[in-house]
Amino acid sequence: MNLNQIHNVYFIGIGGIGMSALARYFQNIGKNVSGYDKTPTMLTDELIAGGMSIHFEDNISLIPAEYYVENTLVIITPAVPISHSEWNYFIERDYVVKKRAEVLGIITKDTFCFAVAGTHGKTTTSSILGHILYECGADVTAFIGGIVENYQSNLIGNGKTVTVVEADEFDRSFLHLHPNIACVTSMDADHLDIYGDVTAIEDSFREFADKVEDKTKIFVPKGLPLEGLTVGINEEATFKAFNVRIENGYYVFDVQTPSETIENIQFGLPGRHNLMNAMMALAMAKTFGSPTKTIAKALASFKGIQRRFSYQIKSDKLVYIDDYAHHPTEINAVHQAVRELYPNEKVLAIFQPHLFSRTKDFGDDFAKSLSQFDEILLLDIYPARELPMEGITSSWLLSKIKNTNKKLISKTELISAILESKAKIIVTIGAGDIGELVPKIKQALL
């Protein structure tokens, strides 16, 4: 498919974080962009303010008239049900209908593509890498699964020859991509509703890694069973961070690369997992040929991503952090970072589970991760694309949490419960609509 021949791009599910980045990209290159989403959000508000026509009712008559032409591309998200009338309207009339991942595949085929894969760390690593390349003057567009604080957008740059994309393992989407340089940050079990078991997930990651022909252009953490150059912290690896310390809230560290030692790099995102994400981005940028001094400067100036250990309040009396974590490994990473920064303080965690299937598959692991916090408030499961599963509820998950300082809470009761807590450190965690509650929680705490 030739994107140059497309005049209109219509999104079904335009408000998704990945879909909205694509919408911004197509608008930037001069296409007419509009779409549908189920509910208004801060993201859709921004897109509408930027000139896009968006409606929130599944109604064929609301599709703008100029989109009823042959040179319209329709992009759908996996979260949309097959019964969706607008989707069916376009399919029945033989429009070009593509999944988001397929469109990213088409875009990356004609560019030098950096692809960031892994069950955790994709968004942060892609953001850091996109920021580095942009600061180094590369002709880059980076598609990000989060809002990058430095740019207040999920799209970095407006380049035509270099792309940075998150290589999403969900539905094997990343196999559509055409990576020139890639990394795999992790291969934990997830999306078992799609894959069935861990072996199938690992096989899919190997298939993705095999898309990079030159194995000196793919990067993996030390110990991950994939062929490629290794990245590590305080252990022997092709790219090694060492002499790691914390100074004024920043990580400061040295890096050994195959060609040089870089001293006193500064990086502001807390948690060892984020330090590893920064190392992955550094390794890819160095391999691309980006200058060392500019890489170091970009790492020091990177401000982070909204909903990724995002400080909402940071004072001597109270700290409120919001994070997108929705897998036990990610919750462990949040806990590690909080304890490293605030070792002697009481921590309240508010968690909204995401998907019935994920809650079912990792119930014991979720319980273990959450039990580490001093106090836990648990919201109902956010279903996203799923129907309820018998017996899989937040009450069921709560019963597994061994810490007795725990409570199941509704959204309407949440703020009063937070205000009753004596915790100095408050963390909201989850990938559902808990993010929409963050401004209200922040306002109540100030």
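Everything discussed here concerns the structure shown above.
Figured I'd write up the structure that's included with this text. On a predicted model such as this, the values are computed, not experimentally measured, just so you know.

Criteria and cut-off values
Residues numbered from 1 in each chain as written. Predicted model: local features only at pLDDT ≥ 70, side-chain atom pairs only at ≥ 80, totals over all residues. Heavy atoms only, no water. Helix = DSSP H or I, 4+ residues; strand = E, 2+ residues; numbered from the N terminus. Rg over C-alpha atoms; globule rule 2.2 N^0.38 Å. Buried < 20%, exposed > 50% of the residue type's maximum accessible area, 1.4 Å probe, protein only. Contact = heavy atoms within 4.5 Å. Areas by Shrake-Rupley, 256 points an atom, 1.4 Å probe, with all protein chains shown as cover. Pairing = 2+ DSSP bridges. Axes fitted to C-alpha atoms, helices over the stretch in contact; angles between N-to-C directions. Parallel < 35°, antiparallel > 145°, perpendicular 65-115°, else oblique. Left-handed = near helix turned anticlockwise from the far one by under 90°. Nonpolar A, V, L, I, M, F, W, Y, C, P; charged D, E, K, R; others polar. Polar contact = N/O pair within 3.5 Å; in protein donor to acceptor, adjacent residues only side chain to side chain. Phe/Tyr/Trp six-rings, centres within 6.5 Å; stacked < 30°, edge-to-face > 60°. Lys NZ or Arg CZ within 6 Å of the ring centre and 35° of its normal. Salt bridge = Lys/Arg side-chain N within 4 Å of Asp/Glu carboxyl O.

**Quick word on the overall build of the protein chain**
Part 1: Check the secondary structure of the protein chain and you find 15 helices and 21 strands.
Part 2: The C-alpha atoms of the protein chain give a radius of gyration of 22 Å, which matches the 22 Å a tight globule of 446 residues would have.
Part 3: Sorting the 446 residues of the protein chain into buried and exposed places 55% on the buried side.
Part 4: The long-range fraction of contacts in the protein chain, counting pairs at least 24 apart against all pairs at least 6 apart in sequence, stands at 66%.
Part 5: When the accessible surface of the protein chain is split by element, carbon and sulfur atoms take 48% of a total near 18700 Å².

**Points about the sheet that holds strand 2 (residues 32-36)**
The strands making up a sheet are joined through hydrogen bonds of the backbone, oriented either antiparallel or parallel.
Part 1: Read across the sheet, five strands follow the order 3-2-1-4-5 without closing on themselves; strand pairing throughout is parallel. Strand pairing shows two members of the sheet lacking a second neighbour, strand 3 (53-55) and strand 5 (96-99), which therefore form its edges. With strand direction ignored, the average angle separating the axes of adjacent strands in the sheet is 20°.
Part 2: This element, helix 4 (residues 100-109), spans strand 4 (72-76) and strand 5 of the sheet and lies at about 95° to strand 5.

**Here we look at the environment of methionine 284**
Part 1: Considering the arrangement of structural elements, one finds methionine 284 in helix 8 (residues 272-288).
Part 2: Sequence separation between methionine 284 and alanine 182 is 102 residues, and the spatial gap between their C-alpha atoms is 7.4 Å.
Part 3: The contact partners of methionine 284, leaving out residues within four places of it in the chain, are Phe114, Val116, Thr125, Leu129, Ile181, Ala182, Cys183 and Phe219.

**Re the sheet that holds strand 16 (residues 310-314)**
Part 1: Spatial strand order, 16-17-21-18-19-20: six strands in an open sheet with mixed pairing. Only two strands of the sheet have a single neighbouring strand rather than two, namely strand 16 and strand 20 (406-408). In this sheet, adjacent strand axes meet at a mean angle of 15° when their direction is disregarded.
Part 2: One ladder, built from five bridges, connects strand 17 (residues 319-323) with strand 21 (residues 425-429); its direction is parallel. Pairing of tyrosine 320 across the sheet is with isoleucine 426, part of strand 21.
Part 3: Docked against the sheet, helix 15 (residues 438-445) engages strand 16, strand 17 and strand 21, running at close to 175° with respect to strand 17.

**Some words on the packing of helix 5 (residues 122-135) against helix 8**
Part 1: Running from amino to carboxyl end, helix 5 crosses helix 8 at an angle of 40°, the nearest separation of the two axes being 8 Å. Relative to helix 8, helix 5 is oriented oblique. In the crossing of helix 5 with helix 8, the sense of the turn from one axis to the other is right-handed. Mapping the contact onto sequence places Thr124, Thr125, Ile128, Leu129, Ile132 and Leu133 in helix 5 and Asn274, Asn277, Ala278, Met280, Ala281, Leu282, Met284, Ala285 and Phe288 in helix 8.
Part 2: Across the contact of helix 5 with helix 8, the residue classes break down as 11 nonpolar, four polar and no charged.

**Digging into the environment of lysine 31**
Part 1: If you trace the backbone, lysine 31 turns up in the loop between helix 1 (17-28) and strand 2.
Part 2: Between the alpha carbons of lysine 31 and leucine 3 there is a distance of 9.7 Å; along the sequence they are 28 residues apart.
Part 3: Aside from chain neighbours lying at most four places away, what touches lysine 31 is Leu3, Asn4, Ile6, His7, Val9 and Phe26.
Part 4: Among the polar contacts made by the side chain of lysine 31, one reaches the main-chain carbonyl oxygen of leucine 3 at a distance of 2.9 Å.
Part 5: Of note is the side chain of lysine 31, whose polar atom sits 2.7 Å from the backbone oxygen of isoleucine 6.

**Observations concerning the pairing of strand 12 (residues 229-233)**
Part 1: Taking burial as the measure, the five residues of strand 12 include four buried ones, the bulk of the element.
Part 2: In this structure, strand 11 (residues 218-221) lies alongside strand 12, joined through three bridges in parallel fashion. Its bridge partner being in strand 12, proline 221 is matched across the sheet by valine 231.
Part 3: Bridge count for strand 12 against strand 13 (residues 239-247) is three bridges, and the pairing is parallel. Residue pairing in the sheet places valine 231 in a bridge with phenylalanine 239 of strand 13.

**A few points about the packing of aromatic side chains**
Part 1: Under the definition given, this model contains 18 aromatic pairs.
Part 2: A ring pair is formed by tyrosine 89 and phenylalanine 90, whose centres lie 5.7 Å apart and whose planes are at 85°; its orientation type is edge-to-face. Exposure class is identical for tyrosine 89 and phenylalanine 90. Each is buried.
Part 3: When the centroid spacing of 5.5 Å and the interplanar angle of 35° are considered together, the rings of phenylalanine 351 and phenylalanine 366 count as tilted. Residue phenylalanine 351 is located in strand 18 (residues 347-351), and its partner phenylalanine 366 is located in helix 12 (residues 363-371); the two are separated by 15 residues in the primary sequence. With respect to class, phenylalanine 351 is no different from phenylalanine 366; both count as buried.
Part 4: Here the aromatic residues Tyr10, Tyr67, Tyr68, Tyr89, Phe90 and Tyr95 are joined through ring pairs into a cluster of three or more.
Part 5: Sitting over the face of the ring of phenylalanine 242, lysine 240 holds its NZ or CZ atom 5.2 Å from the ring centroid.
Part 6: The ring of tyrosine 311 carries the charged tip of lysine 314 above its face, separated from the ring centre by 4.2 Å.

**Quick look at the side chain of asparagine 403**
Part 1: Mapped onto the fold, asparagine 403 is located in the loop between helix 13 (394-400) and strand 20.
Part 2: Accessibility expressed as a relative area gives 17% for asparagine 403, which makes it buried.
Part 3: Looking at asparagine 403, its side chain comes within polar contact range of the main-chain oxygen of phenylalanine 373, at 2.6 Å.

**What about the pattern of salt bridges?**
Part 1: On inspection of all chains with the given rule, the structure shows 17 salt bridges.
Part 2: When the shortest N-O distance is used, the salt bridge between aspartate 374 and arginine 339 registers 3.3 Å. Taken together, the residues span a long stretch of sequence, with aspartate 374 in the loop between helix 12 and strand 19 (375-378) and arginine 339 in helix 10 (residues 328-341) at a distance of 35 residues.
Part 3: For aspartate 374, a relative accessible area of 28% gives the class partly exposed.
Part 4: With a shortest N-O distance of 3.6 Å, lysine 424 and glutamate 345 are connected by a salt bridge. Taken together, the residues span a long stretch of sequence, with lysine 424 in the loop between helix 14 (411-420) and strand 21 and glutamate 345 in the loop between helix 10 and strand 18 at a distance of 79 residues.
Part 5: The structure contains a network of salt bridges with shared partners spanning Arg245, Glu247 and Asp254.

That is the geometry; function is a separate question.
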